[in-house]
Amino acid sequence: MEGTVIKNHLMKSFYKIESSHMLSIVRRGLTMMVPILVVGAVAYSILYFPNEAFRIFITERFAIISKLLESIYQGTFGMFSMGLVISLSISYAMEKGEEIEKIIFYVATAIASFGTQIGMEDDGTKLSILGNTGCFFALIVGLLSCVMFSKLKEIERISLRKYTIGMENIPANAIQSIFPAAITVGSFALLQYAVITWSGEKSVYALLTGLVYKGFEGTGNGFLSALLYTVLVHVLWVLGFHGSHMLETVALDNFSAVGENIVFSKSFFDTFVMMGGCGTTICVLLGIFIFARKKRMRNLGKIALPTVIFNSNEILNFGIPIMLNPVLAIPFVCVPIMALMVSYGATVLGLVPCVTQEISWTMPIIFSGYMATQSVAGSILQLVIVGLGIAMYVPFLRMHEDIYDLRMEEKIKKMITELQECEKKGENADFFHRFDDSGMVARMLLQELKTDLKNKKLYLVYQPQVDRQGRYIGGEALLRWQHTEYGFIYPPLIIYLATEGGVLPELEQEIVNMAVEAISQVSEKYKKDFKISINIT
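Just so it is clear, the structure is predicted and the values come from calculations on it, not from any experiment.

### Here we look at the overall build of the chain
Okay, step 1: Looking only at helices and strands, the chain features 25 helices and seven strands.
Okay, step 2: Each of the three principal axes of the chain carries a C-alpha extent, and together these read 95 × 70 × 60 Å.
Okay, step 3: Counting only residues that meet the buried cut, the chain has 49% of its 537 residues in that class.
Okay, step 4: Once local pairs closer than 6 in sequence are excluded, the contacts in the chain between residues at least 24 apart make up 70%.
Okay, step 5: In the form shown here, the chain has an accessible surface area of approximately 26,400 Å², with 63% of it arising from carbon and sulfur atoms.
Okay, step 6: Placing the 45 positive and 47 negative side-chain charges of the chain at their respective mean positions leaves the two points 6 Å apart.

Dropping the structure here:
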């Protein structure tokens, strides 16, 4: 009983956090990046396949394929943060319900603001921040620049609104955006200049990386240093930083050596702590396949499978998402700590040999455990850690699913309420041309209605009709749609979606077919004048 109360309290707290305005914008922006992540992750998995002979074969025999894959990787992960800035600015403008011709000005302002944070090296512009190392700055700059730009546009003197009277929309919006964009971009440029002048570093990112590195000076490669490294990598990931890249220098300086008497090394972390990628996300993937109740989660797992096998977890990190997710952040940090402690204990007790071989970080589990330790015990230890990790992740995965469903149900209820209000006023609801939650839910439901209509997933229930003697003389057909994820869908909403989505004729034909089939099934039991009535819009 007490456990249920605690769970409900946590659910309410997490639901409140996840329903916040900014997290909704971030989730939508991250989701927009999934196609790029899939393409980049596949290219990366092939490029860095954990077999040297295969890599040499691709490089020497099929050099053009290798170059194409490298170009694809650079065009996806190499520009990921820039893409994230664009998707976040679009998401922010959509959340505000901006018209489509205004969205481009949010995008342009966010890109320019992010560009001021790139920083300069002695030999030119440092572009690494454009890739996945700059996720945190993409999030912060993308959101803050949009908020600032939006607020400034509301000030009439700054927006020059009075000078655009009578103009067409695009020229008018362009002129109204001049000063808000200039002030926003200038503010971020000033911030970058101030940080560089004060710190002497080349960029804000370089400053933060340097501060983190200084925290490890003189710590060596003992257990406390390994624990601090593990915690920081994953906390940084949760906050939006690429923790592995920010602490790469620490890993090379403190954990580069391998040997019979050395417990902690970079290969040790790759083999026992970061299986499936940071967060030991192989446990997430297996937890989804074994315990996930929702089809959308299992489908995401299928998409992520080919890359997570090779320890590249960006699809899960950004697709679920785990990053900035208050529920999954807990096991994302705690499971690697558990993995570190269990593998350290097993090594110190002599149950598993020390990692004596450097292996590619893309080597799949079981193989990596055996090759790194030259012992089957290494593979067995990996399986034990994965089992424990799955047990730790599953309760949080289920809570994440429950919160997601609650959030979607609230959005659907809100849309139904708006539809009912429009029906009372005799007005037509216009969800499909909106970019807010109601508009996106309407478009999602329409696509799934088309699929379920094609697969004959809709059905009829019948309201009995009786005569004065109480005999059944007919029935009224009532349309029902049981959504696989969100349950019973309000019937007038089904009709609205079909009407506005252009599939009403197909829906009506399916209703007639189902009614005719029902008549044929009951005609033998009831009189021939038994009728089924249907409503045609």
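### Considering the pattern of salt bridges
Okay, step 1: Counted by the stated rule, this structure contains six salt bridges.
Okay, step 2: A salt bridge links Asp405 to Lys294; the nearest nitrogen and oxygen atoms lie 3.1 Å apart. Highlighted residues: Asp405 in helix α22 (residues 376-425) and Lys294 in the loop between α17 (282-291) and α18 (295-308), separated in sequence by 111 residues.
Okay, step 3: Asp405 sits in the buried class, given a relative accessible area of 8%.
Okay, step 4: A salt bridge links Glu510 to Lys456, with the nearest nitrogen and oxygen atoms 3.2 Å apart. Highlighted residues: Glu510 in helix α25 (residues 504-522) and Lys456 in the loop between α23 (437-454) and β3 (459-466), separated in sequence by 54 residues.
Okay, step 5: The class of Glu510 is buried, set by a relative accessible area of 12%.
Okay, step 6: Through salt bridges with shared partners, one network takes in Arg293, Glu401 and Asp402.

### Focus: a positive patch on the surface
Okay, step 1: There is a patch of like positive charges on the surface, built from Lys295, Arg298, Lys302 and Lys457.
Okay, step 2: With respect to the secondary-structure elements, Lys302 resides in helix α18.

### A short note on helix α13 (residues 223-239)
Okay, step 1: An ideal rise of 1.5 Å per residue puts 24 Å on 17 residues; α13 measures up with 24 Å between its terminal C-alpha atoms.
Okay, step 2: By the burial criterion, the buried members of α13 are Ser225, Ala226, Tyr229, Thr230, Val233, His234, Leu236, Trp237 and Val238.
Okay, step 3: After α13 finishes, the residue Gly240 shows a positive phi value of roughly 115°.

### Observations regarding a nonpolar patch on the surface
Okay, step 1: On the surface, Ile366, Phe367, Tyr370, Met371, Val376, Ile380, Leu383, Val384 and Leu388 cluster together into a nonpolar patch covering about 830 Å² of accessible area.
Okay, step 2: Residue assignment for the nonpolar patch shows that the elements contributing at least two residues are α21 (367-373) and α22.
Okay, step 3: The partly exposed category is assigned to Tyr370, whose relative accessible area is 41%.

### Digging into the packing of aromatic side chains
Okay, step 1: Tallied over the full model, the rule gives 21 aromatic pairs.
Okay, step 2: Between the aromatic rings of Trp237 and Phe318, the centroid separation amounts to 6.4 Å while the plane-to-plane angle is 65°, which identifies the pairing as edge-to-face. Taken as a pair, Trp237 in helix α13 and Phe318 in helix α19 (residues 314-319) lie far apart in primary sequence, 81 residues in all.
Okay, step 3: On the basis of relative accessibility, which here comes to 3%, the residue Trp237 falls in the buried class.
Okay, step 4: The class of Phe318 is buried, set by a relative accessible area of 1%.

### Quick word on the packing of α22 against α23
Okay, step 1: It is the contact of α22 with α23, at a shortest axis distance of 9 Å, that shows an interaxial angle of 100°. In terms of orientation, α22 and α23 fall into the roughly perpendicular class. On α23, the residues that touch Met408, Lys411, Ile412, Lys414, Met415 and Glu418 of α22 are Asp437, Ser438, Val441, Ala442, Met444 and Leu445.
Okay, step 2: Classifying every residue of the contact of α22 with α23 gives seven nonpolar, one polar and four charged.

### Some remarks on unusual backbone geometry
Okay, step 1: Note that the residue after Ile320, namely Pro321, is joined by a cis bond; omega there is -10°.
Okay, step 2: For Pro321, the position within the fold is in the loop between α19 and α20 (329-348).
Okay, step 3: The phi dihedral of Asn311 falls on the positive side, at around 65°, and the residue is not glycine.
Okay, step 4: Counting through the fold element by element, Asn311 comes out in the loop between α18 and α19.
Okay, step 5: What makes Asn311 buried here is its relative accessible area of 6%.
Okay, step 6: Even without a glycine there, the phi angle at Gln374 is positive, about 60°.
Okay, step 7: Checked against the element boundaries, Gln374 lands in the loop between α21 and α22.

### Remarks on the packing of helix α8 (residues 135-153) against helix α11 (residues 178-199)
Okay, step 1: Viewed as axis vectors pointing N to C, α8 and α11 meet at an angle of 145°, and their least axial separation amounts to 9 Å. In terms of crossing hand, the pair formed by α8 and α11 is right-handed. Residue-level inspection shows Val141, Leu144, Ser145, Met148, Phe149, Leu152 and Lys153 of α8 in contact with α11, the latter providing Pro180, Ala181, Ile183, Thr184, Ser187 and Phe188.
Okay, step 2: The residue inventory of the contact of α8 with α11, partitioned by class, reads nine nonpolar, three polar and one charged.

### A few points about the confidence of the model for the chain
Low pLDDT marks regions whose predicted coordinates should not be analysed in detail.
Okay, step 1: Averaged over the chain, the pLDDT score is 84; the fraction of residues at 70 or greater is 93%.
Okay, step 2: Mean pLDDT across the elements of the chain ranges from a minimum in strand β2 (residues 124-125), with 46, to a maximum in α20, with 95.

### As for the nonpolar core
Okay, step 1: Judged by nonpolar contacts, the single largest core of 105 residues is most densely connected at Phe114 and Tyr229.
Okay, step 2: Take this core: its biggest share by element is nine residues, from α20.
Okay, step 3: Setting aside anything within four residues of it in sequence, one finds Tyr229 in contact with Phe216, Leu247, Val250, Ala251, Phe255, Phe269 and Met274.

### A closer look at the environment of Ala112
Okay, step 1: Inspection of the secondary structure puts Ala112 in helix α7 (residues 100-115).
Okay, step 2: For Ala112, a relative accessible area of 32% corresponds to the partly exposed category.

### What to know about the side chain of Thr307
Okay, step 1: Here Thr307 lies in helix α18.
Okay, step 2: Separated by 2.9 Å, the side chain of Thr307 and the backbone oxygen of Ala304 make a polar contact.
Okay, step 3: When neighbours within four sequence positions are excluded, Thr307 is seen to be in contact with Ala41, Val42, Ser45, Ser312 and Ile315.

About the thresholds
- Residues numbered from 1 in each chain as written.
- Predicted model: local features only at pLDDT ≥ 70, side-chain atom pairs only at ≥ 80, totals over all residues.
- Heavy atoms only, no water.
- Helix = DSSP H or I, 4+ residues; strand = E, 2+ residues; numbered from the N terminus.
- Buried < 20%, exposed > 50% of the residue type's maximum accessible area, 1.4 Å probe, protein only.
- Contact = heavy atoms within 4.5 Å.
- Areas by Shrake-Rupley, 256 points an atom, 1.4 Å probe, with all protein chains shown as cover.
- Lys, Arg positive; Asp, Glu negative; His and termini not counted.
- Charge placed at Lys NZ, Arg CZ, Asp CG, Glu CD.
- Salt bridge = Lys/Arg side-chain N within 4 Å of Asp/Glu carboxyl O.
- Patch = residues over 30% accessible without salt bridge, like charges linked within 9 Å, V, L, I, M, F, W, Y side chains within 5 Å.
- Expected span 1.5 Å × (residues − 1).
- Phe/Tyr/Trp six-rings, centres within 6.5 Å; stacked < 30°, edge-to-face > 60°.
- Axes fitted to C-alpha atoms, helices over the stretch in contact; angles between N-to-C directions.
- Parallel < 35°, antiparallel > 145°, perpendicular 65-115°, else oblique.
- Nonpolar A, V, L, I, M, F, W, Y, C, P; charged D, E, K, R; others polar.
- Left-handed = near helix turned anticlockwise from the far one by under 90°.
- pLDDT = per-residue confidence, 0-100.
- Core = buried A, V, L, I, M, F, W, Y, C linked by side-chain atoms within 4.5 Å.
- Polar contact = N/O pair within 3.5 Å; in protein donor to acceptor, adjacent residues only side chain to side chain.

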